[in-house]
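Read off the chains here:
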Amino acid sequence: MARSKPPKPPKPPKPPPVVQLTSAPPDPLFTRIDRYVFALFDPQPIVRLAAIRICASLAIVGFVLTHGALHAADWLSTDTLQPPHFDGDWQTPLELAVPPPWLAWTIAIVLVIAGVATAAGAATRVSAGVFAVLLGYVALADRASTFTVSKISPVIALALCLTPSGVRWSVDAWRRRRRDPAWQPPELASWGCVRYFQIFLLVFYASSGWIKAHGDWLKYPYVLWTHLHDSYQTPVSWFLANYMPTFGWTALQGVTLAFEVFAPLWFVLPWTRRYATAWALAMHFMIGVMFGPVIWFSLLMMSLVAGSYLPERWLRRVLR
């Protein structure tokens, strides 16, 4: 009897075909946008904070000295003319008591000392905090003669107090180096410390341009020219008002308005940032030389622009 053959083992199933998944190359536009967005949160050079601390504080001190501190009794005390008080008025929500002359002089002296100490970086946290508080008090107490510098200087001093603006190029750094020769000051600060000043400028310019556009700057072509004929006139503004062609003021008015309204765009885009920085510095320089007492506002704004947007290597070279 013939033997039966054993059954053949079943063939293993064929593996499923491997599907090669190929991803499309990334879009270069979105890659560049992602790089710019993430760069916003990168640590920033601390030299920018040091430059703003030194220059902005000195500009504010110069403004305080020329606008009241040298005659404090006639500036803040009960011996000077006080505007009427309107209880419950939304425009004056906070009424501050007017100090006697001796206290007004004390406030003025401490204010100047705190500003100089902030610029020097001596006990920066304390001096900048005192500087911010007194600047805020002066802005609220001197309601009859508040200027733009009076209104923005308290928040600038407060930002210097809350950021590590005194860890380099300062008396604090010098004293710490003497205690510990091996100590090395940091090169970078948290992104928000520097971005605050940069965004502050963009909001300031855009708001100013928005108000001008809704005022007379789009209705009348010679608004800028009329600004040269007030009590702030200097020899430079007198010369330009008489000899600069009329159409030049209209063109300058339009360029200034376009710069301010679209300032966030000019400063955010890397290929226009250098030109926006140069224009801002030139604009404030001309404001300072054409409108006498406004020189301190120009110096303050130039300090913020230079510290926020000038190349880092330029700032290091100047501070060294």
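Below or above, wherever it landed, is the structure these notes cover. As the structure is a prediction and not an experimental result, all values here were calculated from the model.

Now for helix α10 (residues 246–261). In this model α10 runs 23 Å from its N-terminal to its C-terminal C-alpha over 16 residues, within 8% of the 22 Å that 1.5 Å per residue would give. Within the span of α10, buried status applies to Gly 248, Trp 249, Gln 253, Thr 256, Leu 257, Phe 259 and Glu 260. End-on view of α10: buried residues confined to an arc of 165°, all on one side of the axis. Packing partners of the buried residues in α10 comprise α7 (191–213), α8 (223–226), α9 (235–243), α11 (263–268) and α12 (270–290).

This part is about a nonpolar patch on the surface. A grouping of Val 37, Leu 40, Phe 41 and Trp 191 is seen on the molecular surface, where their side chains present a nonpolar patch of about 370 Å² in accessible area. Residue placement: Phe 41 occurs in the loop between α1 (28–39) and β1 (44–45). Residue Phe 41 is classed as partly exposed on the basis of its relative accessible area of 47%.

Take the environment of Leu 140 next. Summarising the element assignment, Leu 140 is placed in helix α4 (residues 124–141). Distance in space between the C-alpha atoms of Leu 140 and Lys 151 is 8.9 Å, their sequence separation being eleven residues. With residues near it in sequence (within four places) discarded, Leu 140 still touches Leu 94 and Leu 96.

A few words on the environment of His 227. Looking at where His 227 falls in the secondary structure, it is placed in the loop between α8 and α9. Using a relative accessible area of 33% as the deciding quantity, one classes His 227 as partly exposed. For the pair His 227 and Phe 291, spaced 64 residues apart in sequence, the C-alpha to C-alpha distance is 8.9 Å. Sequence-distant contacts of His 227, defined by excluding residues within four places in its chain, comprise Trp 217 and Phe 291.

Calculation criteria
Residues numbered from 1 in each chain as written. Predicted model: local features only at pLDDT ≥ 70, side-chain atom pairs only at ≥ 80, totals over all residues. Heavy atoms only, no water. Helix = DSSP H or I, 4+ residues; strand = E, 2+ residues; numbered from the N terminus. Expected span 1.5 Å × (residues − 1). Buried < 20%, exposed > 50% of the residue type's maximum accessible area, 1.4 Å probe, protein only. Arc of directions from axis to C-beta. Contact = heavy atoms within 4.5 Å. Patch = residues over 30% accessible without salt bridge, like charges linked within 9 Å, V, L, I, M, F, W, Y side chains within 5 Å. Areas by Shrake-Rupley, 256 points an atom, 1.4 Å probe, with all protein chains shown as cover. Salt bridge = Lys/Arg side-chain N within 4 Å of Asp/Glu carboxyl O.

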